[in-house]
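Residue-level structure breakdown
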Amino acid sequence: MHSFAAHSFAGPILMIGIWVIQLLIAFLIYRDAKEQKMFAPVWTVLAILPLFGYLTDVLYLIIRELRSPRKTENPPASL
């Protein structure tokens, strides 16, 4: 019976872990989209959606790279 109890919690724990990772990614997208002036709230909401979240993440990265570069207020330091 102990084995059954361990397996019954694996699904919810995995689901919560994946959702927490998706929230972290959505936060990073929000910060970057705001800096790039790319409708940050819309991208964030799309990134949080359970079914389309990871697809939105990939789409955001593609669109961000294809756009013309925007000047940001805090450019990265030179290496």
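For the structure, check the block above.
Attention in this report is confined to the structure presented alongside it. (Residues numbered from 1 in each chain as written. Predicted model: local features only at pLDDT ≥ 70, side-chain atom pairs only at ≥ 80, totals over all residues. Heavy atoms only, no water.)

On the surface, a cluster of nonpolar side chains totalling about 840 Å² of accessible area is made up of F39, V42, V45, L46, L49, L51, F52 and L55. If one sorts the elements of the nonpolar patch by residue count, helix α2 (residues 40-48) sits on top with three residues. Along the chain, V45 falls in helix α2. Judged by relative accessible area, which is 52%, V45 ranks as exposed. (Patch = residues over 30% accessible without salt bridge, like charges linked within 9 Å, V, L, I, M, F, W, Y side chains within 5 Å. Areas by Shrake-Rupley, 256 points an atom, 1.4 Å probe, with all protein chains shown as cover. Salt bridge = Lys/Arg side-chain N within 4 Å of Asp/Glu carboxyl O. Helix = DSSP H or I, 4+ residues; strand = E, 2+ residues; numbered from the N terminus. Buried < 20%, exposed > 50% of the residue type's maximum accessible area, 1.4 Å probe, protein only.)

A positive phi is found at K37, a non-glycine position, where the angle reads about 60 degrees. For K37, a relative accessible area of 61% puts it in the exposed group. Positive phi values are uncommon outside glycine, yet F39 reaches one of about 50 degrees. With respect to the helices, strands and loops of the structure, F39 is situated in the loop between α1 (2-36) and α2.

Take the environment of I48 next. Within the secondary structure, I48 is located in helix α2. Judged by its relative accessible area of 29%, I48 falls in the partly exposed class. Separated by 25 residues in sequence, I48 and L23 have C-alpha atoms that sit 6.3 Å apart. Each residue touching I48, except ones within four places of it in the same chain, is listed here: W19, L23 and A26. (Contact = heavy atoms within 4.5 Å.)

Moving on, we get to the packing of aromatic side chains. Tallied over the entire structure, the rule returns one aromatic pair. Pairing W43 with Y60 gives two aromatic rings, centres 5.1 Å apart and planes at 70 degrees, and the pair type is edge-to-face. Residue W43 is found in helix α2, and its partner Y60 is found in helix α3 (residues 53-66); the two are separated by 17 residues along the sequence. Summarising the burial analysis for this pair, W43 and Y60 share the class buried. (Phe/Tyr/Trp six-rings, centres within 6.5 Å; stacked < 30°, edge-to-face > 60°.)

A few words now on α3. With 14 residues, α3 extends 20 Å from end C-alpha to end C-alpha; this agrees with the ideal 20 Å at 1.5 Å per step. Here α3 has its buried residues at G53, T56, D57 and Y60. Taken down its axis, α3 places every buried residue within 105 degrees of arc, on the same side. Opposite the buried face of α3, at more than 90 degrees from it, the exposed residues are L55, E65 and L66. (Expected span 1.5 Å × (residues − 1). Arc of directions from axis to C-beta.)

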